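What the coordinates show
Here is how the chains run, residue by residue.
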Amino acid sequence: MIQNFDQTARRILTFPAVHPCEAISPATLLNSLINLSQNICNYQSKLFATQRKNARQTIRQIGLLLLFFEETRDRRLALSDSVVLCFSELHLAFQKVKFLLEDCTREGAKLWILIKFQIVSTQFRALIRAIATALDVLPLSLIDVGGEVKELVELVGKQARNAKVEVDPEDEWALKQVFSIVDHFEKGTEPDSSFMKRVLDHLEIRNWNDCNKEIKFLEEQIDFQCSDCKEREVPFLSSLLGLMSYCRGVIFETWNHRNNDKSDARHGIEAPRSQSRDIARTISPGSPAAAEEMKFLSRFLARRLVFGSREQKTKAAYEIRLLAKSNIFNRSCLIEAGTILPLINLLSSCCEHYAQEIAISALLKLSKHTCGKKEIIESGGLQPILAVLQRGLSLEAKQMAAATIFYLASVKAYRKLIGETPEVVPTLVELIKDGTTCGKKEWSCGNFRATFTLREPPKDNDELIADSVAVLAAIAESVDGTLAILQTSALSTIPRILQSSPSRHAREYCVTVLLSLCKNGGAEAIAILAKDHSLMSSLYSLLTDGTPHGSSKARALIKTLHKFHETSSSGRIASVVPCERPVHVW
């Protein structure tokens, strides 16, 4: 009878209550009312950062009615149709009460519930009145329960009729402070941190993790509104998001990074068109206040990276990683504030694996921005990144170093610089020899000017394979890169990865590599691929299972191989694909 809704799936301040069906038996309805009342009473022990008085009053009244429902059940009384009708109305109201209490105690929603105090107060008022109305028409004289219990029901009805649902003065004060703080930021002035601390204390946002939960919740609300094309509240949500991000980075000095999720430090090379969020919309700030909040925060983090203690520098890098993860405007602010050079210095001085992961991950996020690539190269960041690739203290750090090089290599001039750097080939060859933490995982990558070894792909690390092939795809775009790749066993190894890898990301990059090898390597490269009879089936599979981009690449390679077969019998092999210069295939 009680509908179980996933709290995280239901939009906040929505109440999908259902009216009990007319055919429901009185016993079933009564038992459901009891269970629902018990669930509501359990909220007595939960934290209400705001709406404390309204919530406690509602829970107390329903707790008293629970005694009435339980005695009615225990006496096994026959219920008339009029009683069942009243119980049905109470059941509907109680469902909505439960949803409202869920929202008032929802993790990460403390600030948003404060902002919506008028709507929430109105909901409490409407639900208490609905309960009063149902009790007014409840024929208590037809229910044979004890006198004391009847008096309790009458008392609840009287209290509900006369209840004054009001805004808590402390909530009202906190709300005014939030608007004042946002207004200060919007005008380009940094408010006194003591005011922010008082508001955070009122909302019982006590530490870094509490603040981070608020940020995640606000991000979800912005995504919901953008996906629904209802962006009316997005500017103010963005202002609140910027405020909480500022508080997380500036107000909360202590952070237990060991308990934080490290998965975002491991995104590596992103698959084409793989992000569910529309990151392009973040190229501009969500509001003027959000822009100023991010600028102040970026300058603070840049100062911490230069003048802070070791722990403060690591925390600043961690904040940068989170801020730059999926927001283009944040990246531009952080780069403009001058965070890249001190991040490179931090990377060079790291002697602990987790700190190194944080520093290289922050650089990886910033390397996705055009200005970030330029700053990393001009600040001398290539050598420290290569050092991590060679001597990284963890597999994750090495993987992120490779991904950073991949994004740097997306600029043609930087590809040449990377290729001319003497340490590149020895570093990659050393990685191939030493493998990874499992002992047998081997990297594959290349260089524009020198030959490297592409060994059997590691079968127990799909992410490593995908990133390796992605780097090959970038290298293969030029004729020099093709030459380096063709001097290895790539033409036999890449098709095997295409056939066996469970990663669509890896398979699509395999096709990109092979297509570039055919384009730049000419008929000799195509002839070798044409002999692999299993290649076609893998390509056709990608036509149906791949992304539009991957399917397009697979279709182009299929056409190239078909054209080769058609022309080889007529002796016109050399004209299958254009090639800038002949390439000898080993």
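Residues numbered from 1 in each chain as written. Predicted model: local features only at pLDDT ≥ 70, side-chain atom pairs only at ≥ 80, totals over all residues. Heavy atoms only, no water.

An unreviewed UniProt entry lists the protein under the name PUB 12/19-like N-terminal domain-containing protein, with Populus deltoides as the source organism.

Right, let's talk about the overall build of the protein for a bit. On a plain count of helices and strands, the protein comes out with 26 helices and 0 strands. Sequence-distant contacts in the protein: of pairs separated by 6 or more residues, those separated by 24 or more amount to 77%. Carbon and sulfur atoms make up 51% of the accessible area of the protein, which totals about 26,200 Å². (Helix = DSSP H or I, 4+ residues; strand = E, 2+ residues; numbered from the N terminus. Contact = heavy atoms within 4.5 Å. Areas by Shrake-Rupley, 256 points an atom, 1.4 Å probe, with all protein chains shown as cover.)

Next up on the list: the confidence of the model for the protein. Chain-level pLDDT for the protein is 85 on average; 84% of the residues reach the 70-or-more range. Confidence drops under a pLDDT of 50 for residues 432-460, and excluding neighbours within four residues, the segment shows 79 contacts in the predicted structure. Counted against residues more than four places away or in other chains, residues 573-586, with its pLDDT under 50, gives 38 contacts. (pLDDT = per-residue confidence, 0-100.)

Judged by nonpolar contacts, the single largest core of 174 residues is most densely connected at F68, F69, F87, F94, L138, M244 and L539. Per-element accounting of this core gives the leading share, 12 residues, to helix α24 (residues 504-530). (Core = buried A, V, L, I, M, F, W, Y, C linked by side-chain atoms within 4.5 Å. Buried < 20%, exposed > 50% of the residue type's maximum accessible area, 1.4 Å probe, protein only.)

Turning our eyes to something else, we now look at the side chain of R331. As for its position among the elements, R331 is in helix α13 (residues 328-336). Among all residues touching R331, those that are not within four sequence positions of it are I279, A324, K325, S326, K365, L366, K368 and H369.

On to the packing of aromatic side chains. Summed over all chains, the structure comprises 11 aromatic pairs. Linked through ring pairs, F68, F69, F87 and F94 together constitute an aromatic cluster. The ring centre of F224 lies 4.0 Å from the NZ or CZ of R11, which sits over that ring. (Phe/Tyr/Trp six-rings, centres within 6.5 Å; stacked < 30°, edge-to-face > 60°. Lys NZ or Arg CZ within 6 Å of the ring centre and 35° of its normal.)

Turning our eyes to something else, we now look at unusual backbone geometry. A positive phi angle, close to 60°, is found at L13, a residue other than glycine. Note that L13 resides in the segment before α1 (26-41). A positive phi angle is found at Q51, which is not glycine, with a value near 55°. In this structure, Q51 sits in the loop between α1 and α2 (52-74). Under the relative-accessibility criterion, Q51 is labelled buried at 5%.

Direction vectors running N to C along helix α10 (residues 234-251) and helix α11 (residues 288-307) enclose 15°, while the axes themselves pass 8 Å from each other. The angle between α10 and α11 falls in the class roughly parallel. α11 is crossed by α10, and the crossing has left-handed handedness. Here S238, S239, G242, L243, S245, Y246, G249 and V250 of α10 lie close against α11, whose contacting residues are A289, A290, E293, F296, L297 and F300. (Axes fitted to C-alpha atoms, helices over the stretch in contact; angles between N-to-C directions. Parallel < 35°, antiparallel > 145°, perpendicular 65-115°, else oblique. Left-handed = near helix turned anticlockwise from the far one by under 90°.)

All right, on to the packing of helix α5 (residues 117-136) against helix α6 (residues 147-162) then. Their axes nearest at 8 Å, the elements α5 and α6 cross at an angle of 135°. By the angle between their directions, the pair α5 and α6 is classed as oblique. Both α5 and α6 take part in a crossing whose hand is left-handed. From α5, I128, A132, L135 and D136 reach across to α6, where they touch V153, V156, G157, A160 and R161.

Here I358 shows up in helix α15 (residues 353-367). Sequence-wise, I358 and R321 are 37 residues apart; in three dimensions their C-alpha atoms are separated by 7.2 Å. When sequence neighbours within four positions are dropped, the list of residues in contact with I358 reads W255, T314, A317, Y318 and R321.

Enumeration over the complete set of coordinates arrives at 19 salt bridges. R106 serves as the salt-bridge partner of D103, at 3.2 Å between the closest nitrogen and oxygen. Pair check on accessibility: D103 and R106 agree, each one buried. When the shortest N-O distance is used, the salt bridge between E253 and R304 registers 3.0 Å. Here E253 is found in the loop between α10 and α11, whereas its partner R304 is found in helix α11, with 51 residues between them in sequence. On the basis of relative accessibility, which here comes to 35%, the residue E253 falls in the partly exposed class. Connected through salt bridges with shared partners, the residues R10, K98, E102, D103 and R106 form a single ionic network. (Salt bridge = Lys/Arg side-chain N within 4 Å of Asp/Glu carboxyl O.)

Mapping S501 onto the fold places it in the loop between α23 (490-500) and α24. Every residue in contact with S501, bar those within four places of it in the chain, is listed here: A506 and R507.

With 18 residues, helix α7 (residues 169-186) ought to run about 26 Å at 1.5 Å a step, and its terminal C-alpha atoms sit 26 Å apart, in line with that. Every buried residue of α7 is accounted for by D171, A174, L175, Q177, V178, I181, V182 and F185. Buried residues of α7 fall within an arc of 160° about the axis and therefore sit on the same side. When the buried face of α7 is taken as reference, the exposed residues oriented beyond 90 degrees from it are P169 and K176. Tucked into the core, α7 has its buried residues touching α2, α4 (110-115), α5, α8 (193-202), α10 and α11. Of the residues that open α7, the one with a side-chain oxygen 2.8 Å from the backbone nitrogen of E170 is D168. (Expected span 1.5 Å × (residues − 1). Arc of directions from axis to C-beta. Polar contact = N/O pair within 3.5 Å; in protein donor to acceptor, adjacent residues only side chain to side chain.)

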